[in-house]
Amino acid sequence: MESFKADLHIHSVLSPCANLEMSPTNIVDQALKQKLDIIAVADHNSTLHCPLVRDLALRNGIFAVNAVEVNTREEVHCLCLFDTEGQRVKFQNFIEESIQRVPNNPDIFGYQVVVNEQEEILDEIDYLLHSALRANIDEVEKRVHELGGIFIPAHVDRLKFSITSQLGFIPPNLNYDALEVSKNSTIDTVIKNNPLITRKRFIRNSDAHTIEQIGSSYSTFRMEKLNFENLKNAIMGINGCEVLVEF
Ligand SMILES: [Zn+2]
Ligand SMILES: [Zn+2]
């Protein structure tokens, strides 16, 4: 059994709220410095930086997962993770069909740019990526699982854009794979505040918006071999794999 240090919730410069220094190149450089084995860039409602991040990470011996932080119709942030490029493209299409298109004002909300390895701007998204999808949380969960992905309600203890802030509780019938606990809380507190929780599986990530935050909170994955299938097994706590939440 091996241990792998993972931070699966990092925002790039494509997220309007992230610092402009958060280019895929800088993110992978910092992940190396933080000795992260597994990373995921999970921008708001977009996977467009994932292919470059995967490429750069692979060259540096880091396993990068395709990811996105979806904002559901109820304004609940959910971390969605995918294995293949085909799955990523299908889910990107689902988001683009479902997002409510509100024009972005970069002066108010921030820039949303796609950059290359040299940090040259390739594209700028003109609608606000932080908007909610028309799809609700159950529809998003269903689509993620149809594609073979992993579905994790994000920062469930937070007072904004979390499942508990928006719905008031964690629905016992919601088919999540794990719950993300922010650095501001503990698993015990989340369980205490949500007595209806049936599936006690947790993960912690940094939700980094600046370079220094990358890897500041993380989880340790215990598994034989590093691949997406084992990542899923660890999150679900099956087949001898597990996630240890670090502080
Ligand atoms: Zn969020
Ligand atoms: Zn986030």
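About the criteria used
- Sequence order sets the numbering: in each chain, residues are counted from 1 along the sequence as written.
- Naming scheme: in the order in which they are written, chains are lettered from A and ligands are numbered from 1.
- Residues qualify for local features only when their pLDDT is at least 70, as the model is predicted, and side-chain atom pairs are given and counted only at 80 or more; totals for whole chains, interfaces and linings, by contrast, use all residues.
- Processing note: side-chain calculations cover all non-hydrogen atoms of the structure and skip hydrogens and water entirely.
- We call a pair of cysteine sulfur atoms a disulfide whenever their separation is within 2.5 Å.
- Buried, partly exposed and exposed residues are distinguished by accessible area as a fraction of the type maximum, computed with a 1.4 Å probe on protein chains only: under 20%, between the cut-offs, and over 50%, respectively.
- Put simply, a nonpolar core is a bunch of buried Ala, Val, Leu, Ile, Met, Phe, Trp, Tyr and Cys residues held in one set by side-chain atoms that sit within 4.5 Å of each other.
- Secondary structure elements are defined from DSSP: runs of H or I of at least 4 residues count as helices, runs of E of at least 2 residues count as strands, and each element is numbered from the N terminus.
- Contacts are residue-level and defined by heavy atoms, with any inter-residue pair within 4.5 Å sufficient.
- Only N, O and S atoms count as donors, using a 2.8 Å limit from the metal and a wider 3.2 Å limit for Na, K and Ca, and since water is excluded some coordination spheres may look unfilled.
- Tetrahedral means four donors with every angle between 85 and 135 degrees, whereas square planar (four donors) and octahedral (six donors) require angles over 155 degrees between opposite donors and between 65 and 115 for all others; sites fitting neither are termed irregular.

Caption draft 1: Here's a closer look at the state of the cysteines. Enumeration over the complete set of coordinates arrives at 0 disulfides. There is no disulfide at Cys78, and the cysteine sulfur nearest it, in Cys80, is 6.1 Å away. According to the relative accessible area criterion, Cys78 is buried, its value standing at 0%.

Caption draft 2: The arrangement of the nonpolar core in detail. Counting 33 residues, the largest nonpolar core has Val70, Cys80, Phe91, Leu133, Val140 and Phe151 as the members making the most contacts within it. Every element with two or more residues in this core is listed here: β4 (66–71), β5 (77–82), α3 (85–98) and α5 (137–146). Filtering out sequence-adjacent residues up to four positions away, Val140 remains in contact with Val70, Thr72, Cys80, Phe91, Phe94, Leu133, Ala135 and Phe151. Residues Phe63, Ala67, Ile150 and Phe228 belong to the second largest nonpolar core, which totals 23 residues.

Caption draft 3: Focus on the coordination of the zinc ion (ligand 2). Within the protein, the atoms that donate to the zinc ion (ligand 2) are His9 (NE2), His11 (NE2), Glu69 (OE) and Asp207 (OD), at distances of 2.0 to 2.2 Å. Because the angles between the 4 donor atoms bound to the zinc ion (ligand 2) fall within 81 to 174°, the donor set is best described as irregular. Sequence spacing among the residues donating to the zinc ion (ligand 2) works out to H-x1-H-x57-E-x137-D. Between the zinc ion (ligand 2) and the zinc ion (ligand 1), a spacing of 3.4 Å is present, and a bridge between the two is formed by Glu69. Note that His11 is positioned in the loop between β1 (2–10) and α1 (24–33) and Glu69 in strand β4, a separation of 58 residues in sequence. Across the pair, Glu69 and His11 agree in class, each one buried.

By themselves, these observations are geometric and do not establish any function.
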